[in-house]
Each structure stands twice: as structure tokens, then as C-alpha cells.
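Reading the structure
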Amino acid sequence: MDSPTQLDWEKLKAAAVEVSKHAYVPYSHFPVGAAALADDGRVLVGCNVENAAYGVVLCAECGVVSSLHATGGGRLTHFVCVNKDEEIIMPCGRCRQLLYEQGGPDLLLWTVSGVRTMSEVLPDAFGPEDLRHVSEGAPIE
């Protein structure tokens, strides 16, 4: 897939901003919206959902990945997330790992320092290919 134009990035950002308005954040008051493009052109969105048991918070990135699989699977090709002020923010380390699994090293992320590949924001990532040597030839699903 060709790299998207600036207008496409702005469309993804607008989708992230819109979904951030639906975040459930009664504890942190820090809504996050995320949007991604799948390899078949679907736009996927997610927002963070907090819980009184802080450790079971669902990040906006989790919502995007869930939406990816709930609507047919595939791979993520482009990703952006924003805060309540519509500023671009970085996915945390946990979410970078989650995004790597769903988009691989070539996934493009609009970051606080511009558009970067996943291999740049999560160098030397651990992924499914690292498990192949212990799977004794069994396919990793």
C-alpha cells in the first residue's frame, strides 16, 4: 500500500479525536483516542476505558486491535493516537508491543517526532518469529 497523503493522516487523526470523546476516564481524566488503517483500507478506532481496579484499564490501542480482529483481521499499516487536547501522543511500551504484533516492523506511526516505522519506535522488537525455534515447526497463529 502506498504511503498516505497528509490528508489521509489528518483523516486518521480526526477519527482518533472523535473516538477520544467516548473514552471512559473517571479516574485519570486523560482521554485517549486511537485510529489505524488496516491493509484492506478499513479505518479502525479505539478509546481508553478505565476501571476502579487500575491495572485492568483498556488502552485505546487495545480497542483498535480488538476492532481489527472483530471486523475481519488483517494487518495494521498506519496508526495515530491523541490526547484530549488533540495532540499526538506516543503509545506506551506495552501498546507498542501490541501494535508490533498486529502491524510488524513496517507499521507507520504518527509520533511526537513525526512519522516513524514501528522498527524505529520499538527497535529489536520481540515478536512471533522469536518463538518459531521453540514451536518445533508448529505454526504460530
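Up top you'll find the structure we're talking about.
Residues numbered from 1 in each chain as written. Predicted model: local features only at pLDDT ≥ 70, side-chain atom pairs only at ≥ 80, totals over all residues. Heavy atoms only, no water.

Here we look at the state of the cysteines
Basically, it comes down to this: Any cysteine sulfur atom paired with another within 2.5 Å is treated as part of a disulfide.
Scanning the model with the defined rule gives zero disulfides in all. Between Cys81, a free cysteine, and Cys95, which holds the nearest cysteine sulfur, the sulfur-to-sulfur gap is 8.0 Å.

Concerning the sheet that holds strand β1 (residues 33-38)
Strand pairing within a sheet occurs via backbone hydrogen bonds; the two strands may be parallel or antiparallel. Stated formally: When DSSP finds at least two bridges between two strands, those strands are taken to pair. Each helix is a run of DSSP H or I of at least 4 residues and each strand a run of E of at least 2, with the numbering of both proceeding from the N terminus. The axes used here are C-alpha line fits, helices contributing only the stretch in contact, and every angle between their N-to-C directions lies in the interval 0 to 180 degrees. By definition in these notes, contact holds between two residues if any of their heavy atoms fall within 4.5 Å.
Strands sit in the order β2-β1-β3-β4-β5 across an open sheet of five strands; the sheet is mixed. The strands lining the two open edges of the sheet, one partner per strand, are β2 (43-47) and β5 (114-117). Between one strand axis and the next, the sheet turns by 20° as a mean value, whatever way the strands run. Pairing of β1 with strand β3 (residues 76-82) involves six bridges; the strand directions are antiparallel. Paired with Ala36 across the strands is Phe79, a residue of β3. On the sheet, helix α2 (residues 60-70) packs against β1, β2 and β3 and is oriented at approximately 140° with respect to β2.

Regarding the nonpolar core
Let me state the cut-off plainly: Each nonpolar core is a collection of buried residues, namely Ala, Val, Leu, Ile, Met, Phe, Trp, Tyr and Cys, held together in the definition by side-chain atoms within 4.5 Å. Exposure categories follow from relative accessible area, calculated using a 1.4 Å probe and restricted to protein chains: below 20% of the type maximum is buried, above 50% is exposed, and the middle band is partly exposed.
Formed by 21 residues in total, the largest nonpolar core has its most connected members in Val64, Leu76, Phe79, Leu99, Leu107, Leu109 and Met118. Of all the secondary structure elements, the ones that give two or more residues to this core are β1, α2, β3, α3 (93-103) and α4 (118-121). A per-element tally of this core places α2 first, with four residues. Among residues more than four places away in sequence, those in contact with Phe79 are Trp9, Ala34, Ala35, Ala36, Glu61, Val64, Pro91, Leu99, Leu107, Leu108, Leu109 and Trp110.

Just distances and angles here, no functional claims.
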